[in-house]
Amino acid sequence: MSDLNTQMKERYRNNFLREVTANVEEGEWVRMCMQCGVCAGSCPMGPHWEHPPQEIFMMIRANKRDEVLGSSSMWFCTSCYNCIARCPRGLPITHIMHGLAHYGKRLGIAPKEQPTVKFSQKFWDNLYKKGRVNELKLGLALYFMNGIGEGIKTSLKMQKIGLGMWKTKRMTPVEMVGGHGCKDIKGFHAILDKARQIEEAKAAQFSG
Ligand code: SF4
Ligand code: SF4
């Protein structure tokens, strides 16, 4: 368990709803849920979730902190916005789900083996490097994310698509030698580093 996780757990002891309200994007909306189930019924990912949004919100109120933050559920959200369009109480469900996922990751308790958790980290690392996503490198990183054997197998399976992309110039030598970057990469990094500093400063309020 990470230090920050322990500090937050102690600070909000037995009041996970308050913790979510204070730390999760749009978390203050959770208390408005009336458990009608429309979001769960509208979600295209419904059959695949461990806990649909309605259940997650109920679990937050029931103080099931570890079960919620360690769940893979929020990492299944595809941001289709079906739930937001239909919620009779107007809850920003999509944002709350992503907020919970982000908070769990920040505390170091998001499920590390969940493919979408791995993907989000790879996407971020790729984007951070040059300010633009290098699709070739991102694709390869994903193929090899579960080991060399699986990476080779997937690459061979996808070679037809790769050749098609090459022929239609969707993949060019530029991507192979590093890819395009944004013009002011220093400025881009300065913005992201500042945002990280602000987050760390917020987290430091709870230390000691
Ligand atoms: S649709 Fe809205 S009010 Fe109904 S269960 Fe989902 S979040 Fe709660
Ligand atoms: S935005 Fe996410 S939670 Fe909402 S319906 Fe779509 S997949 Fe489900």
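Worth saying up front: this structure is predicted, and the values here are computed from it rather than measured.

Basis of the calculations
- Residues numbered from 1 in each chain as written.
- Chains lettered and ligands numbered in written order.
- Predicted model: local features only at pLDDT ≥ 70, side-chain atom pairs only at ≥ 80, totals over all residues.
- Heavy atoms only, no water.
- Helix = DSSP H or I, 4+ residues; strand = E, 2+ residues; numbered from the N terminus.
- Buried < 20%, exposed > 50% of the residue type's maximum accessible area, 1.4 Å probe, protein only.
- Near = heavy atom within 4 Å.
- Nonpolar A, V, L, I, M, F, W, Y, C, P; charged D, E, K, R; others polar.
- Domains from an automatic or database assignment.

Our focus in this paragraph is unusual backbone geometry. Phi is positive for Glu-26, close to 60°, though the residue is something other than glycine. Topologically, Glu-26 is positioned in the loop between helix 2 (16-23) and helix 3 (38-42). Looking at Glu-26, the relative accessible area reads 28%, which means it is partly exposed. Residue Tyr-81 is not a glycine yet carries a positive backbone phi of 70°. Looking at Tyr-81, the relative accessible area reads 37%, which means it is partly exposed.

So, on to the site of ligand 1. Taken together, the neighbourhood of ligand 1 is formed by 13 residues, with Cys-33, Cys-36, Gly-37, Cys-39 and Cys-87 sitting nearest. Among the secondary structure elements, those contributing two or more residues to the shell around ligand 1 are helix 3 and helix 4 (53-61). Of the residues that constitute the shell around ligand 1, the class distribution is ten nonpolar, three polar and no charged.

Another aspect to go through is the domain arrangement of the chain. For the chain, the assigned domains read domain 1 (3-110) and domain 2 (115-197). Just the C-alpha atoms count here: the centres of domain 1 and domain 2 sit 29 Å apart.

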